[in-house]
Amino acid sequence: MKLVARLEQSAPIPLAADIACDSGELLALVGPSGSGKSTILRCLAGLHRPSGGSVRCGDETWFDASRGVDVSPQQRRVGFVFQHYALFPHLSALANVMVALQHLPTRERAAHARHWLARSKLEGLETRRPAELSGGQQQRVAIARALAREPQVLLLDEPFSALDQVTRRKLLRQLIELRRSLAIPIILVTHDLEEAALLADSMTVLHHGHTLQTAAPDELLARPVSALVARLTDQPNLFGATVSAQSAATDTTLIDWLGQPLQASHHAAFAVGDRVCWVLPEAGVILVRDHQADRENTFAATVSERLAWRGHATVTAYIADHRDVALSFAIGTAVAQRRGIVPGARIALQLQKAAICLTPADPAIGTHGSINADPTGELRK
Amino acid sequence: MNERSSRADILARVRAALQHDPASAEERQAIKHARRLLG
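Residues numbered from 1 in each chain as written. Chains lettered and ligands numbered in written order. Predicted model: local features only at pLDDT ≥ 70, side-chain atom pairs only at ≥ 80, totals over all residues. Heavy atoms only, no water.

For chain A, the name recorded in an unreviewed UniProt entry is ABC transporter ATP-binding protein, with Candidatus Accumulibacter meliphilus as its organism.

Structure representation (structure tokens):
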């Protein structure tokens, strides 16, 4: 079973989105606030009717604007976990799950609800009301209620946003475990890129209701189709440059950056003289030793910041003679310690040719990087 | 005794219900949506 949707509307939130999610696949919708993520989920569930497009699940058409088809929300068999869980406050955990079992004979509902609560590791808490449960327990009741309907599609709207970091990690693991046993399309809305990368098979980046790119998380970070996608996925190493030479034979596109040549693998789409943006994931920046400083794409730099957490250090270093141009990379804290990576340390950085991705130029991205890292304030919630 | 404990039970339930006031409009809307989905 595959969920395929094309959603169009001009107001209240403009939409021009294409969504496709296979059985057993988890698709994450990411994008800044107001990019239409939650509206898309509501359209899929039938809680919001877009002015154009279609929603199909397997052989069924749930919505088709051109044919006037609009199946009601309860007939779509969608499991929906809301950001605030939307549990009925006056009902116990058991009764909340039983509400989703109206299709079963009354005498069977309690047993089924208990089964789903047990699968969510909530045994013993059946009689508690939402107010008597912790945030994490409420979320698990919401997931049990969504799954009890044996839905054809599971939609999760920022299910972790109301939880503290520790509970979040715990529930994230449980969701990873749970999703292995679910052979239905799962769509997760999140503004947390790490959460998306951990859980998702593929990610769709949204901006103003438009789908910009859909790809596996690693692919999306390594090969963004535009500087905007790179910005929305929080890529720190994003700069403007000019194409100075092309050579398919040596698999090289040479770009001029800060007056120095930089080699990328061959990008046939660009011509000599074109303005471009280049993106390099943090993993593509290699800390090299002094005697290796004559390698290709190697720059002298000075460490300006080192942020360490749980054995990993994110290091920011500015390029020699360009104090306003900073590269970011990640290393283990033990390596950082051993190599003396502290603010002020002089280092050599190699920018991996194969990891450099070129995209069309973007007016917001200059040679020195983002002119304004967050021009509309929309990249962060 | 029984009557007192059942009154205490009712009061506890009322307190629990009051504690959960779906304060935000978003939360109220989500509950409305959940009702529609669950039929």
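From this point, the discussion proceeds with the structure in view.
**A closer look at the domain arrangement of chain A**
How big an interface is tends to be expressed through the accessible area that disappears when the partners come together. Residue and element names in this part refer to chain A. Domain parsing of chain A yields domain 1 (2–227) and domain 2 (235–360). Here the C-alpha centroids of domain 1 and domain 2 sit 38 Å apart. The partner domain 2 presents 12 residues to the nine residues of domain 1 that form the contact. Taken together, both faces of the contact between domain 1 and domain 2 bury some 680 Å²; the carbon and sulfur share is 54%. Area buried by domain 1 at its contact with domain 2 is led by R223, P224 and A227, which between them contribute 58% of it. Along the contact surface separating domain 1 from domain 2 lie three residue pairs in polar contact (both at pLDDT 80 or more). For the side of domain 1 that touches domain 2, the element with the most residues is helix α7 (residues 217–222), which contributes three residues. (Domains from an automatic or database assignment. Contact = heavy atoms within 4.5 Å. Buried area = accessible area lost by both parts, 1.4 Å probe. Polar contact = N/O pair within 3.5 Å; in protein donor to acceptor, adjacent residues only side chain to side chain. Helix = DSSP H or I, 4+ residues; strand = E, 2+ residues; numbered from the N terminus.)

**Focus on unusual backbone geometry**
All names here are of chain A. Omega for the bond connecting A11 with P12 falls within 30 degrees of zero, at -5 degrees, which places this linkage in the cis form. Relative to the elements of secondary structure, P12 occurs in the loop between β1 (2–9) and β2 (15–22). Within the chain, R77 stands out as a residue other than glycine whose phi angle is a positive 50 degrees. Along the chain, R77 turns up in the loop between β6 (69–70) and β7 (78–81).

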